[in-house]
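Observations on the three-dimensional arrangement
The chain contents come next:
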Amino acid sequence: MTTTTEAAPETRSFEADVAKLLHLMVHSVYSDKDVFLRELISNAADACEKLRYEGLSDASLLGDDGQPRITVTLDPKSRRLTIEDNGIGMSEAELADALGTIARSGTKAFMDRIAGAKDAEGSQLIGQFGVGFYSAFMVADQVDVFSRRAGADSAATWTSDGLGTYTIRPVELAEAPARGTRVVLHLKEEAAGYTEDYTIERTIKTQSGHVPVPIFLKDAQGSEPKQIADGAALWTRAKSEITADEYKDFYRSAAGQFDEPALTLHYRAEGLHEYTVLAFIPETKPFDLFDPDRAGRMKLYVRRVFITDEAQILPRYLRFVRGLVDSNDLPLNVSREMIQESPVLAAIQRGVSNRVLSELEKLAANETAAYLKLWDEFGPVLKEGLYEDFSRRETLLGLARFKTTTSVGEWRSVKDYVADLKDNQTAIYYATGNDLDRLATSPQLEGFRARGIEVLLLADPVDSFWASSGIDFGGKPFKSVTQGISDLSLIPLADGAPPAAEAASPSVTGFIAFVKATLGDAVSDVRPSDRLTESAVCLVAPEQGMDRQLEKLLAGAGRLDAAVKPVLEINPRHALVEKLSALEESSDIRADAAHLLFDEARIADGELPLDPRAFSARLMRLLERGTA
Ligand SMILES: Nc1ncnc2c1ncn2[C@@H]1O[C@H](COP(=O)(O)OP(=O)(O)OP(=O)(O)O)[C@@H](O)[C@H]1O
């Protein structure tokens, strides 16, 4: 006999993020409300799988009920829908923790995005988020959860109307399941359809027919439960017997995604190690793909028992792949930590990673359009591998696709690029920046265009890092267009004009020396440019310096103490430069012009003038002269 029911119920407020999420959920125009059932069944199945795992080391947790089961009960009269499992259950503290907060990372940022989105877009975003337990409030105006943790001799209940607070109190054991969790939905009037036998059976079969726990349906209190899903793990069946729809449903329920899988990979590895892989590449990016805390989403099973989803089966740059690996060789009765260190797991990690990449290669070779769509979504993540995974660098570079100065919006591979090298071209040139359109018009590219040299336009933040990490393709190094004296002078201009140094007249050479003396320490050099054909000036990095974009990124993140002084390049053929060079040496316009040219180059690079006040004073002076 327990006395727990005498304890007063405790009412608590939801964490701010939950309250926001609930508000969004209830008010969303989200049309596909059926997903609440998928979410609750997936939680119930997870709970059964957790128990199966804990039961391995402590059989007493299973007691005399070793068969995992999910039971859905319909009660049209009182408009209630109940989902019950005999899984791991939750203690009172766990109830408060799990159903009062949101543990997932990136939630805050996600909420802000939804709040800023328009209606239709917002509901699409909710879809990407994987709505979780709280989706119950899309169809219910009250939710009661009764739970008893496996092995515990107490039970508790959680109840809420989803409007800001929830209440938790201990309950008599008889009120809760003997083990596990019962979720009771008090359905809203317009959601009464969810007590219809046919609707629920169809919804469960399509959404959750392949969860690895059997599902039973009871069509009224007390009636005999009917099994509607057998809990056979889909991945153990032969590939030839599984339809595309079955894969899709499994993917959706396992990954909590709403899209179609862009690529499905199902195979059995045999030989030294035996394991089955069922993995999916989604069609669209999950919302938290770039959240630094986002871990991989591949589950590890051992002989159909779920072990962990933290085994990092795939490297970080493949974190968009969802699915599972079921191993036959890993020991079941060791801790998760020991499994992490097992050489078998290391072999699986290697094998699966290589296989995913080789499937991507195949797709790239055989189904270009599908591959490019996938690259569009996940390319920026895959490119992280170029500096994180040296052993697979070549493969990853082969998979990479780029927009370039000559590709007119199409994607090009490095192989395509190298096939079109100009005579004497010894490097693969690239320009980095934040924005593709602005990059395409940057002055540094002019000389490359004028020589017909293709330049890769790299606009993802990750690009500055890998591109400047000493990477090459077939012996051709990657070189930034802002870096060093490029070997451009060796490649003739399309119009046959001579290289810059030869093009510079003595007066221009004199003017360049004057600019250098005037700017002093602000620059590391001033020189005639082979890069420029239309603009008068641009900034580049010195020969040994870092790519300018990378330097800016590092300096912005406080990771660089003193930025290296840039080189100012001057176009000796530019009309303005010729005019300035022709001015009397005593002309006081020359000094102002030297500073203004430097500031102009900074602005073209997306920076502020070095000294904004001095800049405007100089500009004013020149304008006044011009209008005098
Ligand atoms: N039936 C259940 N049995 C045991 N614990 C549960 C059950 N339902 C929910 N929980 C607990 O509540 C937590 C929150 O559930 P919720 O569905 O919101 O998110 P999640 O399952 O962690 O994430 P996701 O929906 O992305 O898979 C779960 O992580 C789990 O700890």
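Residues numbered from 1 in each chain as written. Predicted model: local features only at pLDDT ≥ 70, side-chain atom pairs only at ≥ 80, totals over all residues.

Looking at an unreviewed UniProt entry, one finds the protein named Chaperone protein HtpG and attributed to Sphingomonas immobilis. Taken from UniProt, the Function (unreviewed entry) comment for the protein reads in full: "Molecular chaperone. Has ATPase activity." Of the protein, the UniProt comment under Sequence similarities (unreviewed entry) reads exactly: "Belongs to the heat shock protein 90 family." (UniProt positions renumbered as here; feature names shortened; annotations may be inferred.)

1. Here we look at the overall build of the protein
When its secondary structure is counted, the protein shows 22 helices and 22 strands. Sorting the 628 residues of the protein into buried and exposed places 40% on the buried side. (Helix = DSSP H or I, 4+ residues; strand = E, 2+ residues; numbered from the N terminus. Buried ≥ 20, exposed ≤ 12 C-beta atoms within 10 Å, placed from the backbone.)

2. Things to note about the site of the ligand
Every one of the 16 residues lining the ligand counts as a neighbour, but Asn43, Ala47, Ala98, Gly132 and Phe133 are closest to it. Ranked by the residues each element gives to the shell around the ligand, the list is headed by helix H2 (residues 35-57), at four residues. Grouping the amino acids of the shell around the ligand by side-chain chemistry returns eight nonpolar, six polar and two charged. (Near = placed C-beta within 6 Å. Nonpolar A, V, L, I, M, F, W, Y, C, P; charged D, E, K, R; others polar.)

3. Some remarks on helix H10 (residues 368-382)
Since the α-helix advances by 3.6 residues per turn, residues separated by three or four positions end up pointing in the same direction. Between its terminal C-alpha atoms H10 stretches only 17 Å, short of the 21 Å expected from 15 residues at 1.5 Å a residue. Of all the bends in H10, the greatest, near 55°, is centred on Asp376, and the proline Pro380 appears no more than four residues after it. Along H10, the residues that are buried comprise Tyr371, Leu374, Trp375, Phe378 and Leu382. Residues of H10 that are buried sit in contact with strand S10 (261-269), strand S11 (275-282), helix H9 (343-366), helix H11 (385-388) and helix H12 (393-399). (Expected span 1.5 Å × (residues − 1). Bend = angle between axes of the 7 residues up to and from the residue. Contact = placed C-beta atoms within 7 Å.)

4. Let's talk about the domain arrangement of the protein
What the domain assignment lists for the protein is domain 1 (10-229), domain 2 (234-373) and domain 3 (506-627). Averaged C-alpha coordinates put domain 2 and domain 3 at centres separated by 53 Å. (Domains from an automatic or database assignment.)

5. What about unusual backbone geometry?
In the Ramachandran plot, Arg303 falls in the positive-phi region, its phi being about 40° despite a non-glycine side chain. Take Arg303: it is sitting in the loop between strand S12 (297-302) and strand S13 (305-308). In this structure Arg303 comes out as exposed when scored by C-beta crowding, with 12 C-beta atoms within 10 Å. Phi at Asn424 takes a positive value of approximately 70°, unusual for a residue other than glycine. Take Asn424: it is sitting in the loop between helix H13 (414-419) and strand S16 (428-432). With 12 C-beta atoms packed within 10 Å, Asn424 lands in the exposed category.

6. Quick word on the sheet that holds S13
Pairing in this open sheet of five strands is mixed, and the strands run S10-S11-S14-S12-S13 from one edge to the other. The open sheet is flanked by S10 and S13, the only strands paired with a single partner. Here the average twist between neighbouring strands, direction ignored, is 20°. Here S12 runs beside strand S14 (residues 322-327); their pairing, made up of six bridges, is parallel. When the bridges of S14 are listed, Leu300 appears paired with Val325. Most of the contacts of helix H7 (residues 244-255) go to S10, to which it runs at about 95°, and overall it touches S10, S11, S12 and S14. (Pairing = 2+ DSSP bridges. Axes fitted to C-alpha atoms, helices over the stretch in contact; angles between N-to-C directions.)

7. A word on the packing of helix H18 (residues 506-519) against helix H21 (residues 589-604)
Between H18 and H21, whose axes approach to 9 Å, the crossing angle comes to 80°. The pairing of H18 with H21 is recorded here as roughly perpendicular in orientation. Contact residues: Phe514, Val515, Thr518 and Leu519 in H18; Arg590, Ala591, Ala594, Leu597 and Phe598 in H21. Residues that form the contact of H18 with H21 fall into these classes: seven nonpolar, one polar and one charged. (Parallel < 35°, antiparallel > 145°, perpendicular 65-115°, else oblique.)

8. Some remarks on the pairing of strand S19 (residues 476-480)
Two strands pair when backbone bridges link them, and S16 and S19 are joined in this way by three bridges, in the parallel orientation. Bridge pairing in S19 links Tyr429 to Lys479. As defined by bridge partners, strand S18 (residues 472-473) adjoins S19 across two bridges and the pair is classed as antiparallel. Bridge pairing in S19 places Phe473 opposite Lys476. Counting the residues that bridge the hairpin from S18 to S19 gives two residues, and of these Gly474 lies at a positive phi of roughly 55°.

9. Observations regarding the environment of Ala503
Following the sequence through the fold, Ala503 ends up in helix H17 (residues 500-503). Here the alpha-carbon distance between Ala503 and Leu493, two residues ten residues apart in the chain, equals 12 Å. Beyond its immediate sequence surroundings of up to four residues, Ala503 is in contact with Ala497, Pro498, Pro572 and Arg573.

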